[in-house]
Amino acid sequence: MQPEENRVRKARRIESVMNSALWHLGQKDLTEAELLAKLRLKTDNQEWIDDTLEKLRGFGYLKSDKEFAEQFTERSFFNEYGSAYIRDKLKKKGLDESLVNEAIAKVKAALNIDEQAMLNQRVNNYYQAFTMSKEKLIATLQKRGFSYAQVSQAIKQHACFEQLKTNLEIKAEKADLEKEVLKYARKGKGLTVIRQELRQRKIDITDLDALVEKLINSEQLDFYTSCLEQLGKKSYDLSVHSERSKAYAMLSRKGFSSDEIQFALSESE
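In this report, we go over the structure that sits alongside the text.

Here is what the cut-offs are and how they apply
- Residues numbered from 1 in each chain as written.
- Predicted model: local features only at pLDDT ≥ 70, side-chain atom pairs only at ≥ 80, totals over all residues.
- Heavy atoms only, no water.
- Helix = DSSP H or I, 4+ residues; strand = E, 2+ residues; numbered from the N terminus.
- Buried < 20%, exposed > 50% of the residue type's maximum accessible area, 1.4 Å probe, protein only.
- Contact = heavy atoms within 4.5 Å.
- Areas by Shrake-Rupley, 256 points an atom, 1.4 Å probe, with all protein chains shown as cover.
- Polar contact = N/O pair within 3.5 Å; in protein donor to acceptor, adjacent residues only side chain to side chain.
- Phe/Tyr/Trp six-rings, centres within 6.5 Å; stacked < 30°, edge-to-face > 60°.
- Lys NZ or Arg CZ within 6 Å of the ring centre and 35° of its normal.

### Observations regarding the overall build of the protein
Part 1: Within the protein, the secondary structure is distributed over 17 helices and 0 strands.
Part 2: Here the C-alpha coordinates of the protein stretch approximately 95 × 45 × 35 Å along the principal axes.
Part 3: Expressed as a percentage of its 269 residues, the buried residues of the protein come to 37%.
Part 4: Long-range pairs, those at least 24 residues apart, make up 63% of the contacts in the protein with a sequence separation of at least 6.
Part 5: Surface exposure of the protein reaches about 16800 Å², of which carbon and sulfur atoms provide 47%.

### Quick word on unusual backbone geometry
Part 1: Phi is positive for N112, close to 55°, though the residue is something other than glycine.
Part 2: Considering the arrangement of structural elements, one finds N112 in the loop between α7 (97-111) and α8 (115-126).
Part 3: One non-glycine residue, K202, adopts positive backbone phi at about 65°.
Part 4: Inspection of the secondary structure assignment puts K202 in the loop between α13 (191-200) and α14 (208-217).
Part 5: A residue is classified by how much of its surface remains accessible, and K202, at 49% relative accessible area, is partly exposed.

### Brief notes about helix α12 (residues 177-186)
Note on helix geometry: an α-helix contains 3.6 residues per turn, so any two residues three or four positions apart are oriented the same way.
Part 1: Those residues of α12 lying buried are L177, E180, V181, L182, Y184 and A185.
Part 2: Two or three places before E178, at the opening of α12, D176 has a side-chain oxygen 3.0 Å from that residue's backbone nitrogen.
Part 3: Downstream of α12 by one or two residues, G188 has phi in the positive range, about 80°.

### Here's the deal with the packing of aromatic side chains
Part 1: Scanning all chains against the criterion turns up 4 aromatic pairs.
Part 2: With 6.4 Å between their ring centres and 10° between their planes, F68 and F72 make a pair best called stacked. Of this pair, F68 and F72 both sit in helix α5 (residues 65-78), 4 residues apart, roughly one helical turn.
Part 3: On the basis of relative accessibility, which here comes to 11%, the residue F72 falls in the buried class.
Part 4: With a centroid separation of 5.5 Å and an interplanar angle of 90°, the aromatic rings of Y224 and F263 are classed as edge-to-face. Of the two residues, Y224 sits in helix α15 (residues 223-232) while F263 sits in helix α17 (residues 258-268), which places them 39 residues apart along the sequence.
Part 5: Residue Y224 is classed as partly exposed on the basis of its relative accessible area, which comes to 37%.
Part 6: Taking the relative accessible area as the measure of exposure, F263 reaches 29% and is therefore partly exposed.
Part 7: A cation sits over an aromatic face here: R122 above Y126, 4.0 Å from the ring centre.

If you want it as structure tokens, here you go:
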């Protein structure tokens with residue numbers, strides 16, 4: 001794709017500069033800096049540009065930066081955007097930070113804007129029930145210019161707050177306990193570590209012990225053999241006390257019980 005400056009037909013007379021300016025302003029409100037950048041693609045004649053801008057100001061077609069900032073701020077608050085969103089957008093439009101802050105403060109005072117109340121109302125109106133994760137909801141609201149603290153408070157005041165789940169909790173609800181246990185066992189993990197991993201992932205382990213017993217009885221799970229296999233992958237000299245202690249510690253970290261470790265050590269002597 002060609003750069004914009006190569007796609008713009010250069011002006012051969014001042015009227016073309018004015019027509020270009022009016023067309024751009026008809027598409028959307030622009031700051032003077034934004035319009036200036038577009039006119040400089042149209043012509044290198046600074047006199048034409050200055051004359052066009054002066055006439056536009058006189059006609060009232062081109063807003064001052066102050067007026068633009070105040071109107072943009074008012075529209076943004078009306079559409080339930082927060083101050084951070086307004087600052088970011090106006091900064092990208094080339095407006096001075098102090099001017100933007102003054103506009104936000106002026107509009108908030110004039111319209112009695114309470115951003116927390118605004119956000120609370122939006123959360124209550126748009127989310128009768130939460131169908132997304134907590135992380136996604138927080139990110140969505142922060143993109144609208146609200147702080148993490150404001151978002152957290154708005155979520156907590158919602159009637160369905162207790163029902164809001166994290167990504168981890170949503171994945172945990174979909175997890176198959178038997179498949180997860182067998183997966184960890186294949187990786188050489190003992191029951192202690194398996195239990196810890198499942199808890200960290202918020203997976204319900206209420207039936208874990210009963211499931212493990214069933215898998216052992218059906219010979220799908222054998223922690224004694226697994227413990228022996230893990231020990232076999234290392235080269236400890238078990239006749240040396242310090243080496244034997246290292247082997248015991250390694251197997252314990254993998255989640256095997258004392259009985260399983262003692263079995264593996266005795267079988268490997």
